[in-house]
Amino acid sequence: MKFLRRPVSGALLLISAICAGLPAHAQSVPRDAQIVEYPASFFDRYQPSTALEIVNQLPGFVLNDGDSDRGFGGAVGNVLINDRRPSAKQDPPSQILNRIPASQVERVEFIRGQARNIDLQGYSVVANVILDADAPAAARWEASMRYNFSVAPATFSGGISVSDRWGDIEYNAGVSGRTGSSGDEGTDREFNSAGLLSEIIEERFNNRAQSGSGNVNASTWFGDTFVQLNSRLFTEKRDLLRGSDIFPQMPGVEPARETIDGDSTLTNFELGADAERLLHKDLLGKAIVLFSYEDFSRRDDEKNFNACLLYT
């Protein structure tokens, strides 16, 4: 018996333009009443290796990645990079920060209210990570292995990212991958109404997965217009195997067997761009283009071998 399902397959294109009127009184609020600055040296005691580790040590701040299921506006989170949020929906702020080496961070600003024409998007506080424009190119890599002695083989993961400047364009690019397996096995004994053992069921479960992702983020100025580009590609393949052997406690009856072999593939691609320009001293204009594509396919093969009565 075979089943073929493709529950999700499609693309989404979102275009929006935002013009935000900035209240005049926001310009008169003293900066130190709204912003607390923490230089990168403040976090040296924690020996951070990424911008994410720095933000997680910011006093009085809890990072929120937002919710990608609530649309673009709900996915922005409470973190900014150089006063701006990335034009990405499926790439949460924590992942973006995790790809930025700590050596690229100049300071972090803890913002508690309207300041410097920054839209808080409904959050009471936000963290603004300011990167050092003069910092040299930096590369970050990581690799790990996890081993479970009881049920599954080792899990391997790794990634590398590079942050640099090409002319007037600042960019961050990286790739990562992960492979692993999980599983379990057990025995179930069933008894009849008389309390006698009627059958023994031995079950096995194994789930193998391989995934990989890549990203490119870039930003630059075109005259008085600031432009950002964010892209992300993610793919994952899973192989699920489940098997059961049923041993009836009856003389002359062979055991029954059932196996389910399932394969699934997920591909997700997102490309976002935005342009921001100060139209007036109290009016900021921003245009966003977001393209998202996702495809999920799954195939299940099921085999059943019934118990067989032997004749002698």
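Procedures and definitions
Residues numbered from 1 in each chain as written. Predicted model: local features only at pLDDT ≥ 70, side-chain atom pairs only at ≥ 80, totals over all residues. Heavy atoms only, no water. Salt bridge = Lys/Arg side-chain N within 4 Å of Asp/Glu carboxyl O. Helix = DSSP H or I, 4+ residues; strand = E, 2+ residues; numbered from the N terminus. Contact = heavy atoms within 4.5 Å. Patch = residues over 30% accessible without salt bridge, like charges linked within 9 Å, V, L, I, M, F, W, Y side chains within 5 Å. Areas by Shrake-Rupley, 256 points an atom, 1.4 Å probe, with all protein chains shown as cover. Buried < 20%, exposed > 50% of the residue type's maximum accessible area, 1.4 Å probe, protein only. Pairing = 2+ DSSP bridges. Axes fitted to C-alpha atoms, helices over the stretch in contact; angles between N-to-C directions. 1 Å grid on protein atoms, 1.4 Å probe; cavity = no way out; pocket = protein on both sides within 12 Å on 5 of 7 lines; lining within 4 Å. Points joined across faces, edges and corners; volume = space filled by probe spheres on them. Nonpolar A, V, L, I, M, F, W, Y, C, P; charged D, E, K, R; others polar. Core = buried A, V, L, I, M, F, W, Y, C linked by side-chain atoms within 4.5 Å. pLDDT = per-residue confidence, 0-100. Polar contact = N/O pair within 3.5 Å; in protein donor to acceptor, adjacent residues only side chain to side chain. Phe/Tyr/Trp six-rings, centres within 6.5 Å; stacked < 30°, edge-to-face > 60°. Lys NZ or Arg CZ within 6 Å of the ring centre and 35° of its normal.

### Details of the pattern of salt bridges
Applying the stated criterion to the full structure yields 14 salt bridges. Measuring nitrogen to oxygen at the nearest pair gives 2.7 Å for the salt bridge that ties arginine 107 to glutamate 106.

### Brief notes about the environment of aspartate 134
The topology assignment puts aspartate 134 in the loop between β5 (126–131) and β6 (138–148). Each C-alpha atom of the pair aspartate 134 and aspartate 164 lies 9.8 Å from the other, and the pair is 30 residues apart in sequence.

### What to know about the environment of phenylalanine 247
Take phenylalanine 247: it is sitting in strand β10 (residues 225–248). Placed 45 residues apart in sequence, phenylalanine 247 and glutamate 202 show a C-alpha to C-alpha distance of 8.3 Å. Those residues within four positions of phenylalanine 247 in sequence are excluded, and the remaining contacts are Ser198, Glu199, Ile200, Glu202 and Pro255.

### Some words on a nonpolar patch on the surface
A cluster of nonpolar side chains, contributed by Leu229, Leu271, Phe291 and Tyr293, occupies part of the molecular surface with about 300 Å² of accessible area. Note on placement: leucine 229 falls in strand β10. Note on leucine 229: relative accessible area 37%, which makes it partly exposed.

### Remarks on the sheet that holds β5
On the basis of which strands lie adjacent, the open sheet formed by 4 strands has the order β2-β4-β5-β3 and mixed pairing. Every interior strand has two partners, whereas the edge strands, β2 (35–39) and β3 (79–81), have only one. Shown here is a sheet whose adjacent strand axes are inclined to one another by a mean of 20 degrees, direction ignored.

### Section: the layout of surface pockets
Quantified by volume, the largest pocket comes out at close to 670 Å³. Where the lining of the largest pocket is concerned, the elements lending two or more residues are β7 (152–166), β8 (169–191), β9 (197–222) and β10. Considering every element that reaches the lining of the largest pocket, the biggest residue donor is β9, with 5 residues. In terms of residue class, the lining of the largest pocket is built from 13 nonpolar, 9 polar and 7 charged.

### Points about the nonpolar core
Across soluble globular proteins, you tend to see nonpolar side chains buried next to one another. Residues Leu58, Phe61, Leu97, Val105, Val108 and Val129 are the most contacted members of the largest nonpolar core, which totals 20 residues. In terms of residue count, helix α2 (residues 51–55) provides more of this core than any other element does, 4 residues in total. In this structure, Ile111, Ile118, Leu120 and Val126 belong to the second largest nonpolar core, which totals 7 residues.

### What about the confidence of the model for the protein?
On average, residues of the protein score 80 in pLDDT, and 81% of them reach the 70 mark or higher. Mean pLDDT per element in the protein: strand β1 (residues 2–21) is the minimum at 49, and α2 is the maximum at 93. Of the regions scoring below 50 in pLDDT, residues 18–32 engages in 26 contacts with residues more than four places distant in sequence or in other chains.

### Topic: the side chain of threonine 225
Residue position: threonine 225 is located in strand β10. A polar contact of 2.8 Å, which involves the side chain of threonine 225, links it to the side chain of arginine 277. What threonine 225 contacts, discounting residues up to four positions off in sequence, is Thr220, Ala275, Glu276 and Arg277.

### Remarks on the packing of aromatic side chains
Per the counting criterion, the structure on display carries 5 aromatic pairs. Of note, arginine 45 hangs over the ring of phenylalanine 42, and the distance from its end group to the ring centre comes to 4.5 Å. Directly above the ring of phenylalanine 226 sits arginine 84, whose terminal nitrogen or CZ lies 4.0 Å from the centroid.

### Let's talk about unusual backbone geometry
With a phi close to 50 degrees, glutamine 47 is a non-glycine residue in the positive phi region. Using a relative accessible area of 68% as the deciding quantity, one classes glutamine 47 as exposed. Unusually for a residue other than glycine, aspartate 83 sits at a positive phi of about 75 degrees. Relative to the elements of secondary structure, aspartate 83 occurs in the loop between β3 and α3 (93–98).

### Quick look at the pairing of strand β13 (residues 283–305)
One ladder, built from 23 bridges, connects strand β12 (residues 256–280) with β13; its direction is antiparallel. From the neighbouring strand, glycine 272 faces β13, where its bridge partner is leucine 290. Following β12, the chain reverses through 2 residues before pairing antiparallel with β13.

### Observations regarding the side chain of threonine 220
Summarising the element assignment, threonine 220 is placed in strand β9. Engagement of the side chain of threonine 220 in a polar contact is seen with the backbone oxygen of aspartate 168, the distance being 2.9 Å. Excluding residues that lie within four positions of it along the chain, threonine 220 makes contacts with Asp168, Ile169, Thr225, Phe226 and Val227.

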